[in-house]
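So the chains spell out like this:
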Amino acid sequence: MGSIGNGNGNGNGNAVRFNGPIPAARRLRQMLSDPRKAVFAPGVYDGISARVALAQGYDCLYMTGAGTSMSCLGMPDLGLANGTDMVRNAGIIASLDPSIPVIADADMGYGGTLNVANTVRQYARAGVAGLHIEDQVVAKRCGHLAGKTLISREEYANHIRAACKARDEGTDIVVIARSDARNAEGGGFEESVARLRLAAEIGADALFFEALAGVDECKEAIKLLPRNIPVLINIIAGGKTPVISFDEAQQIGFRIVIWPFVGLEAAVPGLENAYRILKKTGKPPAEPTPMGPAGLFDVCGLQDLMAFDAAVGGSAFSSGV
Ligand SMILES: C[C@](O)(C(=O)O)[C@H](CC(=O)O)C(=O)O
C-alpha cells in the first residue's frame, strides 16, 4: 500500500523497476501528508495552458482528460482520447516544470488490469505525480453527463489493485481511485461510498467521489469515507457538484480541489471572439493588445531558452530575437 508522505515505493521482485522516486510524486505526497492543507489544482489541457497557469505560481496542476480530448482531438469527453493521447499530453505538461506536481486524468485505465497497470507505469515514466482511475466502462463519458455505465465492483477492485501493484514497483505515483457510481445506471450515492471504501482498503492513496450533488452530500461523503485518506472534489460550473470556493471545500474536509475547465472556459470564448472578428473585419482584434510573437513565446519560456544557449557558449540569440 502506498502511504502518503513516506516517499517510498515498496518494490516487488518480478516487476518492472524504476531508477528511483519521482520528485514531483514525492512532492505531491508531502503536500498530501499535511492534513491541515488541501491541494489546489487548476485544470490545464496543453502546453500553453500549463505555462500560463505555472506563471501564476500554482504549486500543483491538474491535467483534464476532457480538455485533452477537446484540445488534442477536437472531440468531447466520450472516451475517444486513448492512453497514448493522454500520456503524451500528460508528459508534455509534467515536463514544463518538473518541480510542480501534475495530477492527471487516466480515465478508466484504457482496458483491463494489464492496461491499467501499463497506464500507471507510463504516467509515472512521463513524470506525472498522481493519476485517477475510475469505474466506468471503456466507452466512458464525462462524469457529469447522464447515461454512464459502470464496471462491476469486483472488476473495479481488480483495476485498483492493478494500479497499486504497478505503483509499488518503485514509483511514488499517487493512485487516486475515482468512482462514477453516484449518477451512473445501477449506481447511487451508497454505491460510490462502498466502492471508494473498497479502493481505500486495497491501497489507493486518495479518493475521488465524482458528481457529488449538493453541499450536504459533499459533507456526508466526507463523513462516510475513511478519515486517513485524502478526498478530491471536482468543481465544474454547470456540472453536478456545487461550485464552492477552495476555502469552503477545504472546510468541508476535501484535500484536493480540481477545476478542470477553468482554462477552457476562458479560452473558448476568447478564440471564438478572435476568429469572428477576423472573419468579419478582415483584421485580427485590436483588443486586448496583441502580444506579438516574442510576447507569446515569452509565455513559453523564450527567455530561459535564450539564457540556456548563452550559458553553454551559444550565440544563436546574442543579437536578440
Ligand atoms: C474531471 C474530468 O474527468 C476531466 O476530464 O477533467 C471530467 C470533467 C468533465 O468532463 O466535466 C469529468 O468530471 O468526468
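By the naming in an unreviewed UniProt entry, the protein chain is Methylisocitrate lyase, taken from Zasmidium cellare ATCC 36951.

Engineer: Which parts of the structure should I look at to understand the packing of aromatic side chains?
Structural biologist: For any pair of aromatic rings, the description consists of the separation of the ring centres together with the inter-plane angle of the planes. Taken as a whole and judged by the stated rule, the model has 5 aromatic pairs. Between phenylalanine 40 and phenylalanine 246 the ring centres are 4.5 Å apart and the planes differ by 35 degrees, which places this aromatic pair in the tilted class. Residue phenylalanine 40 is found in strand 1 (residues 39-44), and its partner phenylalanine 246 is found in helix 9 (residues 246-252); the two are separated by 206 residues along the sequence. Its relative accessible area of 15% is what places phenylalanine 246 among the buried residues. Note on phenylalanine 246 and tryptophan 259: the rings are 6.5 Å apart at their centroids and 45 degrees apart in plane angle, and the pair reads as tilted.

Engineer: Would you mind going over the sheet that holds strand 2 (residues 61-63) with me for this structure?
Structural biologist: Each strand in a sheet pairs with its neighbour through backbone hydrogen bonds, running either in the same direction (parallel) or in the opposite one (antiparallel). Pairing within the closed barrel is parallel, and its 8 strands lie in the order 1-2-3-4-5-6-7-8. Taken over all neighbouring pairs, the strand axes of this sheet differ in orientation by 25 degrees on average, direction set aside. Its contacts with the sheet place helix 1 (residues 23-32) against strand 1, strand 3 (102-105), strand 4 (130-133), strand 5 (174-179) and strand 8 (256-259), and it is angled at close to 65 degrees to strand 5.

Engineer: So what exactly am I meant to see when it comes to the site of the ligand here?
Structural biologist: Around the ligand, the surrounding shell holds 15 residues, and the nearest of these are Thr64, Ala66, Asp105, Gly143 and Glu210. Contacts to the ligand include aspartate 77, whose side-chain N or O atom sits 3.2 Å from an oxygen atom. Between the ligand and arginine 178, the relevant distance is 2.9 Å, taken from an oxygen atom to a side-chain nitrogen or oxygen of the residue. Contact with the protein chains covers 99% of the free accessible surface of the ligand, which is 340 Å².

What counts, and where the lines are drawn
- Going along each chain's sequence as written, the residues are numbered from 1 onward.
- Side-chain atom pairs in this predicted model are given and counted only at pLDDT of 80 or more, local residue features only at pLDDT of at least 70, and totals for whole chains, interfaces and linings cover all residues.
- Hydrogens are left out, water is left out, and the side-chain values use all remaining heavy atoms of the structure.
- Only the six-membered ring of Trp is used, alongside the rings of Phe and Tyr, when aromatic pairs are assigned; centres must lie within 6.5 Å, and planes under 30 degrees apart are stacked while those over 60 apart are edge-to-face, with the rest tilted.
- The way it works is that DSSP assigns letters per residue, a run of H or I at least four long becomes a helix, a run of E at least two long becomes a strand, and they are numbered from the N terminus.
- The buried label goes to any residue with under 20% of its type's maximum accessible area, the exposed label to any with over 50%, and the partly exposed label to all in between, with areas taken from a 1.4 Å probe on protein chains only.
- Here, strands pair whenever DSSP counts at least two bridges between them.
- To get an axis, a line is fitted to the C-alpha atoms, and for a helix only the part in contact is used. The angle between two axes follows their N-to-C directions and goes from 0 to 180 degrees.
- Contact between two residues is taken to exist if any of their heavy atoms lie within 4.5 Å; hydrogens are not considered.
- The near set for a molecule or strand comprises every residue that places at least one heavy atom within 4 Å of it.
- Here a polar contact is taken to be a pair of N or O atoms separated by no more than 3.5 Å, where protein atoms must pair a possible hydrogen donor with a possible acceptor and residues adjacent in sequence count only if both atoms sit in side chains.
- Each accessible area value is a Shrake-Rupley result obtained with a 1.4 Å probe; residue values ignore everything except the protein chains displayed when judging cover.

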